[in-house]
Amino acid sequence: MGCLKVFSNFLFWYETPKVVHIRSKKVGILGRFLQLCVLSYIVGYVMVYKKGYQEFANVESAVVTKVKGVAFTNTNPNIPDIYKRIWDTSDLIVPPSENDAFFITTNIIITPNQSRGACSEDPDVFGALCDSSHNCVGGQSLPIGNGAMTGRCIPSDANSSINVCEIFAWCPIEQDIFPLGTDRPLLEETADFTVLIKNFIEFPMFGKTFRRRNIMEDANKTYLQTCNFNQERDPFCPVFRIGDIVSFAGENFTQLAVRGGVIVISIDWNCNLDWDFLEFCKPIYSFRRVDDPNTNIAPGWNFRHANYHEENRRTLFKSYGIRFVIEVRGQGAKFNILPTMLNIGSGLALLGVTTVVCDFIILYFTKKRMFYKGVKFLLVNDDAEREPLQSTAITYGSN
Ligand SMILES: Nc1ncnc2c1ncn2[C@@H]1O[C@H](COP(=O)(O)OP(=O)(O)OP(=O)(O)O)[C@@H](O)[C@H]1O
């Protein structure tokens, strides 16, 4: 029976909004204030700041680089003769061409004239030290060893007072010693090398007209060969001095160059395509080091590569250096009627919320809340005479 009553109450009940004009300074100001807040949000934040009238697309890009420079180490009296030579980019940029990155050698350990044969294992390799040939299993190699063991235990080539396993390997094996110690890199002059970064970008979503590169239209050959990027003096020069990139990233070139590291060059293209494309769509460069400069375990960046002279002879290089990674980011924005209408529509809907908030405040948090409840809600029975407005208000308010 109870359920039936609840059901019939629900079924035979209808609510319709009523418009109540409240002549009150306080309530009026509150309503206008809320409307002003919503309007400023829609106009100021959504439409102007967030550009709600525009459609956005990510930039698409390709990057190529060319490094130029020469280092000359002949005059340094503190290094072995093998390191006294002229170095150009073909010696120091490994590999010569990469996608969105380049590596420049800043320090190097050379092991010349290696040939395949038998020699002593590096004593620093874990498990290389031996007391007798029983410690050296013929044909097997140690986990980070340089070759396969012959099965003999022999005095080390590097230090004859200790015994190590003999190995079949490229001999002599590398001596892991920096030519200038751990304070200075051999190729400090690479700080003066320059790199030309060519960055081609487009916004295919907005058509083929929105295409450009980071070399400005008025640049010529002489400008490219002589300009140097500088945030204040020449922010659109696409040629960067390596030492400058490192200092823009907040690092010391000499320290970084000893063991190497990784630096990211970011190119940001945030373009308003409603304005003149070539004039207002320009790159902004920023630089940061991404490897950990404060670690003692596996610091920096190095790898080995070799030059083969003939079938059984090579020169081994352990190259330390800086790897530069180029990331291109950004968005193009262009007027479109669809996001404009969507944002205006949702803004208008949001204006309705001000009424809800205002009602909530005056019906629950003002001194005259009972009176406001009375005038806002009117109970009408279909089968009865309409009750006088004032009495309904008082009846409802006192509940
Ligand atoms: N790293 C760099 N530093 C300064 N100028 C550079 C650099 N790389 C290239 N340039 C100069 O920029 C211009 C365009 O270079 P690009 O590689 O397109 O042409 P190029 O004639 O093949 O260059 P080059 O023969 O000099 O290597 C050339 O004048 C070139 O000398």
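Scroll up for the structure.
All values derive from a computational prediction rather than experimental measurement.

Digging into the overall build of the protein
- When its secondary structure is counted, the protein shows ten helices and 14 strands.
- With respect to the principal axes defined by its C-alpha atoms, the protein has extents near 120 × 65 × 35 Å.
- Taken across its 399 residues, the protein has 36% of its residues classed as buried.
- In the protein, the proportion of contacts linking residues at least 24 apart, taken out of those at least 6 apart, comes to 69%.
- In the form shown here, the protein has an accessible surface area of approximately 24,600 Å², with 56% of it arising from carbon and sulfur atoms.
- Across the protein, 40 positive and 41 negative side-chain charges occur, with their mean positions spaced 12 Å apart.

Observations regarding the pattern of salt bridges
- Here the structure, examined in full by the defined rule, presents 17 salt bridges.
- Measuring nitrogen to oxygen at the nearest pair gives 2.8 Å for the salt bridge that ties R184 to E188.
- On the basis of relative accessibility, which here comes to 42%, the residue R184 falls in the partly exposed class.
- With a relative accessible area of 25%, E188 lands in the partly exposed category.
- A salt bridge links E251 to R289; the nearest nitrogen and oxygen atoms lie 3.1 Å apart. Here E251, found in the loop between α5 (242–248) and α6 (253–259), pairs with R289, found in strand β12 (residues 284–289); they are 38 residues apart in sequence, far enough to count as distant.

Observations regarding the packing of helix α8 (residues 337–364) against helix α9 (residues 369–376)
- At a minimum axis distance of 6 Å, the contact between α8 and α9 shows a crossing angle of 125°. With respect to α9, the axis of α8 lies oblique. Each of D359, I362, L363 and Y364 in α8 lies in contact with α9, whose residues at this interface are R369, Y372, K373 and K376.
- Split by residue class, the contact of α8 with α9 holds four nonpolar, no polar and four charged.

About the cut-offs
- Residues numbered from 1 in each chain as written.
- Predicted model: local features only at pLDDT ≥ 70, side-chain atom pairs only at ≥ 80, totals over all residues.
- Heavy atoms only, no water.
- Helix = DSSP H or I, 4+ residues; strand = E, 2+ residues; numbered from the N terminus.
- Buried < 20%, exposed > 50% of the residue type's maximum accessible area, 1.4 Å probe, protein only.
- Contact = heavy atoms within 4.5 Å.
- Areas by Shrake-Rupley, 256 points an atom, 1.4 Å probe, with all protein chains shown as cover.
- Lys, Arg positive; Asp, Glu negative; His and termini not counted.
- Charge placed at Lys NZ, Arg CZ, Asp CG, Glu CD.
- Salt bridge = Lys/Arg side-chain N within 4 Å of Asp/Glu carboxyl O.
- Axes fitted to C-alpha atoms, helices over the stretch in contact; angles between N-to-C directions.
- Parallel < 35°, antiparallel > 145°, perpendicular 65-115°, else oblique.
- Nonpolar A, V, L, I, M, F, W, Y, C, P; charged D, E, K, R; others polar.

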